[in-house]
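What follows is each chain in one-letter form.
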Number of protein chains: 2
Amino acid sequence: MTIKRIDHIAIVVENLDRALGVYRDALGMAVTDVREMPEQDVKMAFLPSGDSEIELLEPLHPDSGIGKYLAKRGEGLHHICLEVDDIEATLADLKAKGSQLIDETPKQGAYGKIAFIHPKGAHGVLVELVQRDA
Amino acid sequence: MTIKRIDHIAIVVENLDRALGVYRDALGMAVTDVREMPEQDVKMAFLPSGDSEIELLEPLHPDSGIGKYLAKRGEGLHHICLEVDDIEATLADLKAKGSQLIDETPKQGAYGKIAFIHPKGAHGVLVELVQRDA
């Protein structure tokens, strides 16, 4: 069981175009894709850097999970995602060690199997795990 | 002016040993160093992964900046750091584009020149810039 890398950092923003004004235009980060992902209720922009990536998330609806998070907490860091080589083994190990999980079994994400650790199980950080499809 | 990589993600925690119980022991991340940095009022643990790193920060004093942050906001994501190749050029560019900076000129950090962008200038995210010493 190995953490391979920090897959991405997700930042929730009110408006993707305004956020790109900072992260793309002022900071000069490259944007490889901007797309709506209705199944996750977000519009996303992908800004890779080194072997990791910043993802900007704009909620599509104020009543979605991410929309409510934005209303309550404001813009800012939302979660980090760690790439693992064996997500089932990682989840079993976390469970055995008493970590609080949101997903006890992985679900299929856009590019691999994913699961979330509850912030209460990771010192206040919402941690996503991903095992990317081969 | 280029962002080279996500240098690190900083997480503020109440107790470093307990946090290592999750990030090192349960998640299996490697820890390369744990040390007190009194000039920054923190005890830090460094957990590299891929070409980036997670840094866990425990305040040394409740009345320090980071101690007050912890008391007010609780444990969780504190800031992200982006490595740049020319920090003066990046700051000048940010300033010209109206971004709100904490440091208009870089200061010397432990391993290079650093400066912080105010969360109000980066959609709620405290962003550190670092130009590492050659």
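Everything here concerns the structure above.
Residues numbered from 1 in each chain as written. Chains lettered and ligands numbered in written order. Predicted model: local features only at pLDDT ≥ 70, side-chain atom pairs only at ≥ 80, totals over all residues. Heavy atoms only, no water.

Trainee: If you had to explain the interface of chain B and chain A to someone new, which residues and values would you point to?
Mentor: Between chain B and chain A, the residue contacts involve 45 residues of the former and 45 residues of the latter. Of the roughly 3300 Å² buried where chain B meets chain A, counting both sides, 68% is carbon and sulfur surface. On the chain B side of the interface with chain A, the three residues burying the most area are Leu27(B), Leu77(B) and His123(B), jointly 22% of the side's total. Taken together, the links from chain B to chain A amount to 0 salt bridges. Put simply, the parts of the chain that give the side of chain B that touches chain A at least two residues each are strand E1 (3-12), helix H1 (16-26), strand E4 (52-59), strand E5 (76-84), helix H3 (87-96) and strand E8 (127-132) of chain B. With 7 residues, the top contributor of residues to the side of chain B that touches chain A is E1(B). Considered class by class, the residues forming the side of chain B that touches chain A number 23 nonpolar, 12 polar and 10 charged. (Contact = heavy atoms within 4.5 Å. Buried area = accessible area lost by both parts, 1.4 Å probe. Salt bridge = Lys/Arg side-chain N within 4 Å of Asp/Glu carboxyl O. Helix = DSSP H or I, 4+ residues; strand = E, 2+ residues; numbered from the N terminus. Nonpolar A, V, L, I, M, F, W, Y, C, P; charged D, E, K, R; others polar.)

Trainee: Talk me through the environment of Asp7(A); I want residue IDs and the actual numbers.
Mentor: Residues and elements named next belong to chain A. For aspartate 7, the location among the structural elements is in strand E1 (residues 3-12). Among the residues examined, aspartate 7 registers a relative accessible area of 1% and is labelled buried. For the pair aspartate 7 and lysine 43, spaced 36 residues apart in the sequence, the C-alpha separation amounts to 19 Å. A polar contact of 2.7 Å, which involves the side chain of aspartate 7, links it to the side chain of arginine 5. (Buried < 20%, exposed > 50% of the residue type's maximum accessible area, 1.4 Å probe, protein only. Polar contact = N/O pair within 3.5 Å; in protein donor to acceptor, adjacent residues only side chain to side chain.)

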